[in-house]
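Here is what each chain is made of, one letter per residue.
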Amino acid sequence: MEYYGKRSLHSYFDKEKRSSIQSPPRLSFNSHLKLSEHEFDHLYSPSRSSNASAATMYSLVPPPSPDSPWTLSPLQTPSPSLLYHCIASLHRHDGTIYSIAVAKGIVFTSSESSRIRAWRQPDCVERGYLKASCGDVRAILVYGNMLFTSHKDHKVRIWNVTVSDNFRGKKITTLPKSTYYSFLKLPSWSSSTGNSNQHKDCISCMAYYHAEGLLYTGSWDKTMKAWRISDNRCVDSFLAHEDNVNSIVVNQEDGCVFTCSSDGSIKIWRRVYGQNSHTLTMTLKFQPSPVNALALSSNTSLTSCFLYSGSSDGFINFWEKEKSSGRFNHGGFLQGHRFSVLCLVAIEKLIFSGSEDTTIRVWRREEGSCFHECLAVLDAHRGPVKCLAATLEIDKVVMGFLVYSSSLDQTFKVWRIKVLPEEKKTVNIISSEENVEEHGEINKMKMSTEYELNPVLSPSWVEKKLQGTHHFH
């Protein structure tokens, strides 16, 4: 294992020559603003804040430091209640970033290489990196000082990282541990489960249950395994789906485990009381399309819990947990993405979704209801958005977020987003003639912008898409 010290991101940038590289066509500021106020492609309410309130937000975002290696994009207000801009854009040379994890002011990224990099928030100066003996790190997870990484050899490595003054990292162990049988290339069988402790295919996702110290791993071998970190043992292993397991999330309130798969289903698992085994409690299947991503949004004060799933048909389905029975009832879907939804993040009342159509959408759930609205569409990537991560920024006036995204175009971007508080609904009584005239203007605007919204994909990715050689996982 190796670690490396601080280094400026200047060394990673490819400086664009604007005379030779043409940027993809984008919507103008005015058309983007008008479009978001009347998003009739979606089932959401119109924006509720005035344009004046959005203008006042320009003073809330500090200007970039002249010494910063990042370049700021123009401030954009697609909705009067939201302001965003891309504060960082980095082109990666060591492969596509597969996973992003954020904790204690550090952003960890993993890629096709054997290096797990650590970046400082929010200026994204590299603090160092860990180097493993095996690359193709498909999933990473951080909790406290523990960093979990999954590798090409179908094993999980656990690292102890220190991020105070100097970045330090040390590998603690590997799951499963190397045994006498592994040297003889024979399977190590577990007497408790009757299955091999090691996954037989790529470990695509991980989740950690804090209270019990259990690490859950999902794999393309269709199984899920539970590892007890206190003694690094596999305590349960079972066939979870009929196809690849693509995502796992854990409800930290009750320990329920949610898994989704390319077989189009979402399953809810619960540990048997007093045992290590798990039992299936519910299967959610609302569409036949493969389910690629899950996100859980819970509010302990209001005892509300929403489960979101992103699928290959471009829809984001959501379920609300029933307070009395604990069942998850389908509440509807969010429509907007034109291709597959590949990643989801839920934080507070916001949901961030990344898609094959190269865009990131920002959704907001209305307080105390299942009503959602699309606040913004971030479209700076030129390839499918593979993974997302988000953290909350403390602000006295507005709610702020730092959003990290990576794409198959080998770029890594950082976004700063400011969201104004929701305003109470006001009822305006207008005449029927005014209503007809308003909707006529909306229909004209919708027709004129229908083709402007088509995603701009990089030529190399389009070629792979047509040849059927692309892969998202």
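Residues numbered from 1 in each chain as written. Predicted model: local features only at pLDDT ≥ 70, side-chain atom pairs only at ≥ 80, totals over all residues. Heavy atoms only, no water.

### A closer look at the overall build of the protein chain
Then, in step 1: A tally of helices and strands in the protein chain yields 5 helices and 29 strands.
Then, in step 2: Per-residue burial over the protein chain gives 52% buried out of 473 residues.
Then, in step 3: A separation of at least 24 residues holds for 51% of the contacts in the protein chain among residues at least 6 apart in sequence.
Then, in step 4: A total accessible area of about 22700 Å² is found for the protein chain, and carbon and sulfur atoms account for 52% of it. (Helix = DSSP H or I, 4+ residues; strand = E, 2+ residues; numbered from the N terminus. Buried < 20%, exposed > 50% of the residue type's maximum accessible area, 1.4 Å probe, protein only. Contact = heavy atoms within 4.5 Å. Areas by Shrake-Rupley, 256 points an atom, 1.4 Å probe, with all protein chains shown as cover.)

### Some details on the pairing of strand β12 (residues 214–219)
Then, in step 1: Buried residues dominate β12, accounting for 6 of its 6 residues.
Then, in step 2: Across the two faces of β12 the burial is the same, with Leu214, Tyr216 and Gly218 and Leu215, Thr217 and Ser219 all buried.
Then, in step 3: Note that strand β11 (residues 203–209) and β12 share 6 bridges and pair antiparallel. Paired with Ile203 across the bridge in β12 is Ser219.
Then, in step 4: Hairpin geometry of β11 and β12 is characterised by an intervening segment of 4 residues between the two adjacent antiparallel strands and by a positive phi of about 65° at Gly213.
Then, in step 5: The sheet contact formed by β12 and strand β13 (residues 223–228) spans 5 bridges and is antiparallel. When the bridges of β13 are listed, Leu215 appears paired with Trp227.
Then, in step 6: Hairpin connection from β12 to β13: 3 residues lie between these consecutive antiparallel strands, with Lys222 at a positive phi of about 75°. (Pairing = 2+ DSSP bridges.)

### Let's talk about the sheet that holds strand β23 (residues 341–347)
Then, in step 1: Pairing is antiparallel across the open sheet formed by 4 strands, whose spatial order is β23-β24-β25-β26. Pairing within the sheet leaves two strands with one partner each, and these edge strands are β23 and β26 (372–378). Looking at each pair of strands side by side, their axes are set apart by 20° on average, direction ignored.
Then, in step 2: Inspection of the sheet shows strand β24 (residues 350–355) paired to strand β25 (residues 360–365) by 5 bridges, in the antiparallel sense. Within the sheet, the bridge partner assigned to Gly354 lies in β25 and is Ile360. (Axes fitted to C-alpha atoms, helices over the stretch in contact; angles between N-to-C directions.)

### Things to note about the nonpolar core
Then, in step 1: Of all hydrophobic cores here, the largest spans 21 residues; its most connected members are Leu82, Phe352, Val362, Leu388, Phe401, Val403 and Ile417.
Then, in step 2: Secondary structure elements with two or more residues in this core: β2 (82–91), β23, β24, β25, β26, β27 (385–393), β28 (399–407) and β29 (411–419).
Then, in step 3: Apart from residues no more than four positions distant in its own chain, Val362 is found in contact with Leu82, Leu350, Ile351, Phe352, Glu373, Cys374, Leu375, Ala376 and Ile417.
Then, in step 4: Counting residues in hydrophobic clusters, the runner-up holds 16 residues, among them Ala118, Ala132, Val137 and Ile140. (Core = buried A, V, L, I, M, F, W, Y, C linked by side-chain atoms within 4.5 Å.)

### As for the confidence of the model for the protein chain
Then, in step 1: In this model, the protein chain carries an average pLDDT of 76, and 67% of its residues clear a pLDDT of 70 or more.
Then, in step 2: Across residues 1–74, confidence stays below pLDDT 50; counting only partners more than four residues off in sequence or on other chains, it has 155 contacts. (pLDDT = per-residue confidence, 0-100.)

### As for the environment of Asn232
Then, in step 1: Take Asn232: it is sitting in the loop between β13 and β14 (233–239).
Then, in step 2: Put simply, Asn232 and Thr174 are 58 residues apart on the chain and 8.4 Å apart in space, counted from C-alpha to C-alpha.
Then, in step 3: Beyond its immediate stretch of four places on either side in the chain, Asn232 contacts Ile158, Thr173, Leu175 and Lys177.

### A few points about the sheet that holds strand β6 (residues 126–131)
Then, in step 1: If you walk across this open sheet you meet the 4 strands as β3-β4-β5-β6, and the pairing is antiparallel. Edge strands, defined here as strands with exactly one partner in the open sheet, are β3 (97–103) and β6. Within this sheet the neighbouring strands show an average axis-to-axis angle of 20°, counted without direction.
Then, in step 2: Across 4 bridges, the pairing between strand β4 (residues 106–111) and strand β5 (residues 115–120) is antiparallel. In the strand pairing of β5, Ile106 is matched with Arg120.

### A look at the packing of aromatic side chains
Then, in step 1: Applying the stated criterion to the full structure yields 13 aromatic pairs.
Then, in step 2: With a centroid separation of 6.4 Å and 25° between ring planes, the pair formed by Phe306 and Tyr308 is classed as stacked. Neither residue differs from the other here; Phe306 and Tyr308 are each classed as buried.
Then, in step 3: Aromatic ring contacts, followed pair by pair, group Trp119, Tyr404 and Phe412 into a single cluster.
Then, in step 4: Over the aromatic face of Tyr129 sits the side chain of Arg117, whose NZ or CZ is 5.0 Å from the ring centroid.
Then, in step 5: Positioned above the aromatic ring of Tyr98 is the side chain of Arg138, whose terminal nitrogen or guanidinium carbon lies 4.1 Å from the ring centre. (Phe/Tyr/Trp six-rings, centres within 6.5 Å; stacked < 30°, edge-to-face > 60°. Lys NZ or Arg CZ within 6 Å of the ring centre and 35° of its normal.)

### Here we look at the pairing of strand β17 (residues 266–271)
Then, in step 1: Taken together, the 4 bridges between strand β16 (residues 257–261) and β17 define a ladder with antiparallel strand orientation. Each residue of the ladder has a partner; that of Val257, found in β17, is Trp269.
Then, in step 2: Adjacent in sequence and paired antiparallel, β17 and strand β18 (residues 278–284) are bridged by 6 residues, among which Gly274 carries a positive phi angle near 75°.

### Notes on the pattern of salt bridges
Opposite charge on two side chains permits them to pair, given that their charged atoms come into close proximity.
Then, in step 1: Here the structure, examined in full by the defined rule, presents 9 salt bridges.
Then, in step 2: Put simply, Asp153 and Arg157 hold a salt bridge, and the shortest N to O gap is 2.8 Å.
Then, in step 3: Exposure remark for Asp153: the relative accessible area of 25% places this residue in the partly exposed category.
Then, in step 4: Given the relative accessible area of 5%, Arg157 is considered buried.
Then, in step 5: For Arg228, the salt bridge goes to Asp231, with nearest N and O atoms at 2.8 Å. (Salt bridge = Lys/Arg side-chain N within 4 Å of Asp/Glu carboxyl O.)

### As for a nonpolar patch on the surface
Then, in step 1: A cluster of nonpolar side chains, Leu392, Ile394 and Met399, forms an exposed patch at the surface whose accessible area comes to about 300 Å².
Then, in step 2: Of note, Leu392 is situated in strand β27.
Then, in step 3: On the accessibility criterion, Leu392 (36% relative accessible area) is partly exposed. (Patch = residues over 30% accessible without salt bridge, like charges linked within 9 Å, V, L, I, M, F, W, Y side chains within 5 Å.)

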